[in-house]
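Each chain is listed here by its residues.
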2 protein chains.
Amino acid sequence: MVWFGEADGPTTGRGEAEMTTIKDVAARAGVAPSTVSYVLSGSRKISEDTRHAVQAAIEELGYHPRASARTLRSARTRVLALAAPRVPGAYRAIDGRFAIDVTDAARGHGYDVLLMTDSDGVGGLRRVARSRLADAAVLMAVEDRDPRVEVLHELGFPAALLGHDDHAALPWTDLDWEAAVALAVRETVAAGHRRMLFLSSAEHEVAARRGYALHGLDGARRAAAETGADVRVVPSHRDPDVLARRLNEALTARPVATALIVQHLILLPRLLDAVAAAGLRVPHDLTVVLVGSLPDELGTRHLPRIDLPVAEMSTAVARLAIDAIGSGRDDGPPSSQEPAGARASSRPSDAPHHLIQPQLAGPVIAPPPD
Amino acid sequence: MVWFGEADGPTTGRGEAEMTTIKDVAARAGVAPSTVSYVLSGSRKISEDTRHAVQAAIEELGYHPRASARTLRSARTRVLALAAPRVPGAYRAIDGRFAIDVTDAARGHGYDVLLMTDSDGVGGLRRVARSRLADAAVLMAVEDRDPRVEVLHELGFPAALLGHDDHAALPWTDLDWEAAVALAVRETVAAGHRRMLFLSSAEHEVAARRGYALHGLDGARRAAAETGADVRVVPSHRDPDVLARRLNEALTARPVATALIVQHLILLPRLLDAVAAAGLRVPHDLTVVLVGSLPDELGTRHLPRIDLPVAEMSTAVARLAIDAIGSGRDDGPPSSQEPAGARASSRPSDAPHHLIQPQLAGPVIAPPPD
DNA sequence: CTGTTAGCGCATTCAA
DNA sequence: TTGAATGCGCTAACAG
């Protein structure tokens, strides 16, 4: 309560900040608290006069509703939990990128994002879900039989996935990796190349049957068949030395390949070193095309590539997560219009999803030397 | 309420999830709700028997306290708002990196992190602060007369900064840029180099009197004086072409420099291109030392460098923000022990801060050719 | 068109 | 050592 000084204007004092509530606003406007609530929510017809009185009182008192009270009452937090993987010592630039973009996308739907690392395994997600700190979760880098998925399922907590592995029956979004690699091959062929290498995902990713790894291989095979080009698959490896050795063998083998399509980008610098060590200059002697690169990433700017559609995926996954929250609590029509560049997959899946079509970016693909 | 089926075990149903409250636990344990609360908070002595009964009931019902109710009651969210800058079209890898690390650090103090982008300017921060979605804020990339700082000040909202500009009177943490550049120069001299270039921050950063820019220049000057080495400052520029031109001039000037110390890393790939274009190979013809690089970043691995202490800064800023929340609500002693590698600055400042000392990383600095 | 009232789930004061 | 009662701020069901 205020004993002296003007009663209007937001309190500027620190710490002692008297909280102004809906009741204060009601008193000042000479109406009932519920009337203020209705003005705010718009869920009831209010006369012009009272509405203005209430608006004025809100301005004068600098009132803002308390999120915790709303949540307690409505059982909705308007918060999304974003679970980023945290493999100790292995930060991936992609994680931070998605964190930012998903946050932007969620805001577009009126949601905030609570960022969570996987540092304590499944504990954080369980805690957030059970304490109802968020209405739904977005999971990054889901693995086969991911314990986080189990937990969410057990708790009945709504969620959506960034990336897809054909396993979890949860809504998901992903780049169409098959189409992406196929596009890279076709465009490379269109530039005049007849013999090329495809550096696929690392062996352990294929063994784990990761979706992107398998679909990428499928795309290479399909495009090779379609174009009649000679596409040799070089399986990547998480050990940089193994990768360098394999690459060197492939690059020096006869007949010589004039292009290299790369899906396994984590070790790109090492890879380029290996290319240089083989005496090849890019793009003069060898054309390098990237698949799944980060948009605007320094160091890949000068190469033709198919970027990971981070923005589209973020938009889509936010939407999927929010749609999963409650059947009758949507902002609008569930999914009347698909996001641009996305379409429903023809592959079997019982969960909603957005498969995003690849797009070529960067400089044009150089023709082979002659 | 449950009419049929067993009454124990967490509800696995979706959507209809009956929420179990402290009352349910009390009923099942045959005690009063307040007793359950006391068992949870430990703020009162409870007999072994009742405590066990309550614990058992909690387990059986799968009870977990509702965050919104706690917050409404206690006026504490145990959430930190992390404001990441969002210059449209200019995502910086550092932002995502800090987001992850600050989240980890905050969890260490029992706090979660609400990630906010600056996409709607100051609006998001104001909204979060006023709706009491968080207890304090962490601001990244604060600028001179940053509107976010104004808002926080006006609302009396606790905050801490990642980086420092000598302006805002808020707690902050930063790498000691002066010491960092000085260290780079000294170590380069120790490797045998006598003439080197220092590519400082971009001109507009210096003009804006950014702390890191000014302190970096100070460090170069100081180390040059101390070692007697010839350190020529090359001001960087945000335009890559201008940067390339300046660098080329400096690299080809006589007497020739044998080392290049780089603080302006954003355009590193372009910079290395310019070096190569000048016919110089790294490190054979020219030693390149980085200051303020991201830890574990691909593409900088092969260069000697002083990494930005992301982990230490994140730990420190989380601590500072939490300490700023309330004077009587700490987890423990305010700041009895400083984090490793940090120390109070001798520079004037009335706000608490952690200046972090630089550390050399990466390969050893190569000697000059000859 | 607006006011009154009853909780949402929890922590805490006062009684016992 | 424990229980009963109150209210945090807000929304919605029920009156007028």
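Residues numbered from 1 in each chain as written. Chains lettered and ligands numbered in written order. Predicted model: local features only at pLDDT ≥ 70, side-chain atom pairs only at ≥ 80, totals over all residues. Heavy atoms only, no water.

As recorded in an unreviewed UniProt entry, chain A goes by the name LacI family DNA-binding transcriptional regulator, listed as coming from Streptomyces venetus.

### Quick look at the pattern of salt bridges
All names here are of chain A. Applying the stated criterion across every chain, the model contains 41 salt bridges over all chains. Aspartate 95 is the partner of arginine 92 in a salt bridge, and the nearest nitrogen-oxygen pair spans 2.8 Å. By relative accessible area, arginine 92 is classed as partly exposed at 34%. On the basis of relative accessible area, aspartate 95 is assigned to the buried category, the value being 2%. Salt bridges here are not isolated pairs; linked through shared partners, they connect Glu178, Arg186, Arg222 and Glu226. (Salt bridge = Lys/Arg side-chain N within 4 Å of Asp/Glu carboxyl O. Buried < 20%, exposed > 50% of the residue type's maximum accessible area, 1.4 Å probe, protein only.)

### Remarks on the sheet that holds strand β13 (residues 360-361) of chain B
Either a parallel or an antiparallel arrangement is found when strands of a sheet pair, and the pairing is made through backbone hydrogen bonds. All names here are of chain B. Here we have six strands laid out as an open sheet, ordered β7-β6-β8-β9-β10-β13, and mixed in their pairing. Each of the sheet's edge strands pairs with one partner strand only, and the pair in question is β7 (230-236) and β13. Of the pairings in the sheet, the one linking strand β6 (residues 195-202) to strand β8 (residues 259-262) comprises four bridges and is parallel in character. Paired with methionine 196 across the bridge in β8 is alanine 259. Against the sheet, helix α8 (residues 177-190) engages β6, β7, β8, β9 (287-293), β10 (305-307) and β13, with an angle of about 160° to β9. (Pairing = 2+ DSSP bridges. Helix = DSSP H or I, 4+ residues; strand = E, 2+ residues; numbered from the N terminus. Contact = heavy atoms within 4.5 Å. Axes fitted to C-alpha atoms, helices over the stretch in contact; angles between N-to-C directions.)

### Overview of the side chain of B:His164
Residues and elements named next belong to chain B. Here histidine 164 is to be found in the loop between β4 (159-162) and β5 (172-175). Under the relative-accessibility criterion, histidine 164 is labelled buried at 11%. Among the polar contacts made by the side chain of histidine 164, one reaches the side chain of tryptophan 172 at a distance of 3.4 Å. With near-sequence residues (within four places) excluded, histidine 164 lies in contact with Trp172, Asp174 and Gly211. (Polar contact = N/O pair within 3.5 Å; in protein donor to acceptor, adjacent residues only side chain to side chain.)

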